Amino acid sequence: MKQPRLVSSQSGGFSLVEVTLAVAIAALAIITLLGLLPQGLEMSRKTALITTNSNILEQISRDLDNARFSLLPTSAVKKYYNDQGAEVSADSTEIVYVVEIDPETATPASLPQAEKDQPYLKKYVIRIANSSSSDFDFDSGSPLRYTTFNHLVAKTR
């Protein structure tokens, strides 16, 4: 024997109030995420700058460490890099970073608590500027426009 079905007075859909509330919650979530977009883009730009600076610094440090001590630069040297961190010439149109490698000659490099200067120890100041101008001047420019790193080169002979 079949039982009669109960017919409900409501249909199976959502009410207008429920749909409006769901749309309002979704809109609030989307607006919040859009507010975070500029911060995410800024963080992405800073991360890319730090990564490229690290790659350039690694290349320069490796070159200084592998060079013969007598061939190390004794005066400031400028180098130029593209947006991928590859070295380019001074007249290139792809210059994005200008780097100055400056041997610290004002104070001789020495180890802490050492009695005398070490003849096979040199300190280099490496400055990296995010500039497309090959004429970028590190001396007259604000220190806020470039990043400064220090590197010690030690050789046994």
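Residues numbered from 1 in each chain as written. Predicted model: local features only at pLDDT ≥ 70, side-chain atom pairs only at ≥ 80, totals over all residues. Heavy atoms only, no water.

**Q** Break down the pattern of salt bridges for me, citing the residues and quoting the values.
**A** By the definition in use, this model includes 4 salt bridges. Between Arg 127 and Asp 102 there is a salt bridge, with the nearest N and O atoms lying 3.7 Å from each other. A residue pair is termed long-range when its members are at least 10 positions apart, and Arg 127 in strand 4 (residues 121–129) and Asp 102 in strand 3 (residues 97–103) qualify at 25 residues. Its relative accessible area of 22% is what places Asp 102 among the partly exposed residues. Among the charged side chains, a salt-bridge network with shared partners connects Glu 100, Asp 102 and Arg 127. (Salt bridge = Lys/Arg side-chain N within 4 Å of Asp/Glu carboxyl O. Helix = DSSP H or I, 4+ residues; strand = E, 2+ residues; numbered from the N terminus. Buried < 20%, exposed > 50% of the residue type's maximum accessible area, 1.4 Å probe, protein only.)

**Q** How would you summarise the environment of Lys 123 if you had to cite specific residues and measurements?
**A** On the secondary structure map, Lys 123 appears in strand 4. For Lys 123, a relative accessible area of 29% translates into the label partly exposed. Separated by 19 residues in the primary sequence, Lys 123 and Glu 104 place their C-alpha atoms 5.5 Å from one another. Lys 123 has contacts with Asp 102, Pro 103, Glu 104, Ala 109, Asn 150, His 151 and Leu 152, leaving out every residue within four places of it along the chain. (Contact = heavy atoms within 4.5 Å.)

**Q** Outline helix 1 (residues 16–66), supporting the account with residue identities and numerical values.
**A** Taking 1.5 Å per residue as the helical rise, helix 1 with its 51 residues ought to reach 75 Å, and the 73 Å between its terminal C-alpha atoms agrees with that figure. Along helix 1, the residues classified as buried are Thr 52, Asn 53, Ile 56, Leu 57, Ile 60, Ser 61 and Leu 64. Each element contacted by the buried residues of helix 1 is listed here: strand 1 (77–81), strand 3, strand 4 and strand 5 (146–154). (Expected span 1.5 Å × (residues − 1).)

Without other data, these values stay purely geometric and don't point to any function.
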